[in-house]
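Residues per chain, in single letters:
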Amino acid sequence: MAKPETPEHLEAAEKAAKALAGKAPRHADVLRVFRLIKAADWPTQTRPNVAPNASSPEVTGMVLGLSPNRQGGCSIAQGSKQCPHLTKLVTSWVRATLPDDKFRYGSIQVNYNYRARKHIDQNNLGPSFIISLGTHEGGKLWTGDRGVLDCKDKWCLFDGNTEHATEPYEGRDRFSFILFTPDRYNRLTRDICKTARGLGLTACSTAGVDDAYFSNYRDLAPVDEDDHVAFTEKHHEENPPKFGDGALSVETNGYAAGRGWGWIAWQTGKTGSDEVHTEHFKKNATGIHVVELDVVRPAKSGHVVTFRARGVHRFNLYQDTAAETARFSNWVKQLPANVVVGCCITDTAMAKTRPLGAPVYEAFRALGASEKLTLIGYREPFCFLGWKGATPGEGCYALDAKKQSKQLLRLDASVSVDAKGGLAMTWATSQVKLLDKLGGGEPPAKKAKTGETA
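Residues numbered from 1 in each chain as written. Predicted model: local features only at pLDDT ≥ 70, side-chain atom pairs only at ≥ 80, totals over all residues. Heavy atoms only, no water.

A few words on the sheet that holds strand β10 (residues 164-166). The strand order β8-β7-β10 describes an open sheet built from three strands, whose pairing is antiparallel. At either end of the open sheet lies a strand with only one pairing partner, and these are β8 (147-149) and β10. For this sheet, the mean inter-axis angle between neighbouring strands, taken without regard to orientation, is 25°. Strand direction decides the pairing type here: strand β7 (residues 141-143) and β8, joined by three bridges, are antiparallel. Note that in β8 the partner of T143 across the bridge is G147. (Pairing = 2+ DSSP bridges. Helix = DSSP H or I, 4+ residues; strand = E, 2+ residues; numbered from the N terminus. Axes fitted to C-alpha atoms, helices over the stretch in contact; angles between N-to-C directions.)

Here it is as C-alpha cells:
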C-alpha cells in the first residue's frame with residue numbers, strides 16, 4: 001500500500017519537523033512546529049464523552065503512533081502515516097525531555113485548544129505522561145487520585161484509568177501531549193511493529209503477552225478470597241512476626257487480593273523470647289489501621305526493649321476524608337515524644353476520586369516517614385513504622401504503587417534506645433507476589449469507561 005500523502009494543511013508542520021531530524025528538540029521547537037497548523041485546519045476526532053460540549057462530539061486533536069484496529073491489534077495511526085517526520089519529532093522530543101527514561105509508550109494523543117471533560121481512558125493500560133505547551137494560563141490536569149497537576153511546560157505522570165479532566169484556562173493556545181500505551185500494544189504484526197519502532201515508539205511487540213514492565217499495570221483478575229485466606233494464614237504460621245530486642249513487624253495487602261489483609265506485631269517478652277502480641281485487623285475495612293506503643297526499656301541485664309500498647313485506632317480516610325484527615329493529623333500532633341506508631345491497610349487508604357491531602361503526609365513525616373512519601377494511591381498496599389519526633393527518613397514504610405496491586409508487603413524492624421532515651425530503628429522489607437502463589441486468571445474484560453485519553 002502506498003504511503004498516504006501529507007495533507008496540504010499539515011505540509012508546513014511536516015516539512016519543519018523533517019528539518020529538525022537528528023536534533024534533540026526542546027519545548028520551543030515542538031511548539032513552533034505545531035503552531036504551523038492553522039487553527040481552522042486542525043484535524044478533528046469524534047470523542048463524545050471527552051468533548052467539552054456533549055452535544056458536539058468533535059474535538060481538535062490527533063493520535064500519533066499506534067491506534068487500535070478491528071482485527072484485535074493495532075495499526076499505525078493515520079496521523080503518523082501522513083506525518084511520519086512530525087511523529088519522529090515528538091518521539092525525539094520525548095527522549096530529550098521526559099524525566100523518566102524507563103517509561104514506555106506506544107501512542108501520543110495531541111489535543112489543541114479544548115478542555116477535556118472528566119473521563120476515564122479507553123484502550124490505555126494506565127501509566128501516562130502529560131505536558132501542555134503554548135501561551136495560556138490555567139489548564140492544569142485534575143486527577144481523581146493525585147489531585148491537580150500543573151503540567152504547563154513540564155511532564156507529569158498520571159493514571160489514565162483514574163478519572164481526570166482539564167481545568168479552565170485562558171490564552172492564545174494550549175497544546176497537550178499525552179503519552180500512553182494501548183491495551184493491544186503486544187498484538188502487532190511484524191511490519192507494524194517495525195514501523196512503530198522506526199517512528200521512535202517504545203511500547204510495541206508481536207509477542208501477544210505482557211512483558212515484565214507492563215505486567216505490573218495490567219488489570220488482572222482479583223485473587224480468590226478463600227484461597228487468599230488459606231494462604232495468608234499458613235504464611236503467617238510459617239513466617240511469624242519478628243521477635244527479640246525491640247522487635248516490630250507489620251504485614252499488609254490491599255483489597256484487590258482477597259479483599260485485604262493486615263496485622264501489626266510487637267515484642268512483649270522481656271527476655272527476648274517469642275512472646276509477641278499480634279493485632280489482626282478486619283479485612284475489607286477502609287482507611288488506615290494504627291497502633292500506638294510505649295517503649296519499655298530493659299529493667300535489668302538480660303532483658304530487652306519491649307512495648308506496651310497505648311491504643312489501637314482506625315482512621316477512615318476513605319469514608320469521610322476531610323474530617324478523618326483532621327482527626328489523624330491532630331492525633332499525631334498530640335502524641336507524646338517517642339511513642340512508636342505502626343500503620344497498615346486492609347482495603348484501601350483512600351477513595352478512588354478523593355486523594356489524601358497534604359496533612360496526612362505531613363503527619364507521617366512527623367513520625368519519621370521519608371520526604372519521598374507523597375502519594376498512597378487507591379487500593380495500594382501500604383504499611384509504616386516510626387515514632388513521634390523522628391526525623392524524616394528515620395521511620396520506614398513499604399508501598400506498592402500499582403493499581404489493583406496483588407503484593408503482600410512486610411516490614412520487620414528493631415527499635416533501640418540510647419542512654420539519653422533517644423530511639424533508633426533498623427528494618428528490612430520483603431514482599432510476596434500473591435499471583436505467583438495463588439495463580440490468576442486472564443485479564444477480565446475491560447468495563448465500560450467514559451472516554452478515551454485526556
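Anyway, onward from the coordinates.
It is at 10 Å that the axes of helix α2 (residues 27-34) and helix α4 (residues 84-97) come closest, and there the two elements cross at 160°. Relative to α4, α2 is oriented roughly antiparallel. As for the relative orientation of α2 and α4, their crossing is left-handed in sense. Between α2 and α4, the residues in contact are H27, V30, V33 and F34 and L86, L89, V90, W93 and T97, respectively. Residues belonging to the contact of α2 with α4 are distributed by class as follows: seven nonpolar, two polar and no charged. (Parallel < 35°, antiparallel > 145°, perpendicular 65-115°, else oblique. Left-handed = near helix turned anticlockwise from the far one by under 90°. Contact = heavy atoms within 4.5 Å. Nonpolar A, V, L, I, M, F, W, Y, C, P; charged D, E, K, R; others polar.)

The next thing to look at is the nonpolar core. Judged by nonpolar contacts, the single largest core of 42 residues is most densely connected at F34, L66, W155, F177 and L179. When residues in this core are grouped by element, the largest group, five residues, is from α4. Core analysis: the next-biggest nonpolar cluster, separate from the first, contains 27 residues, W331, L356, L367 and L373 among them. (Core = buried A, V, L, I, M, F, W, Y, C linked by side-chain atoms within 4.5 Å. Buried < 20%, exposed > 50% of the residue type's maximum accessible area, 1.4 Å probe, protein only.)

So, about the sheet that holds strand β19 (residues 382-387). Ordered by their spatial adjacency, five strands build an open sheet running β17-β16-β18-β19-β20, and the pairing between neighbours is antiparallel. Each having just a single partner strand, β17 (306-315) and β20 (396-399) make up the two edges of the open sheet. Pairs of neighbouring strands in the sheet enclose a mean axial angle of 15°, with direction left out of account. With nine bridges connecting them, strand β16 (residues 288-296) and β17 associate as antiparallel partners.

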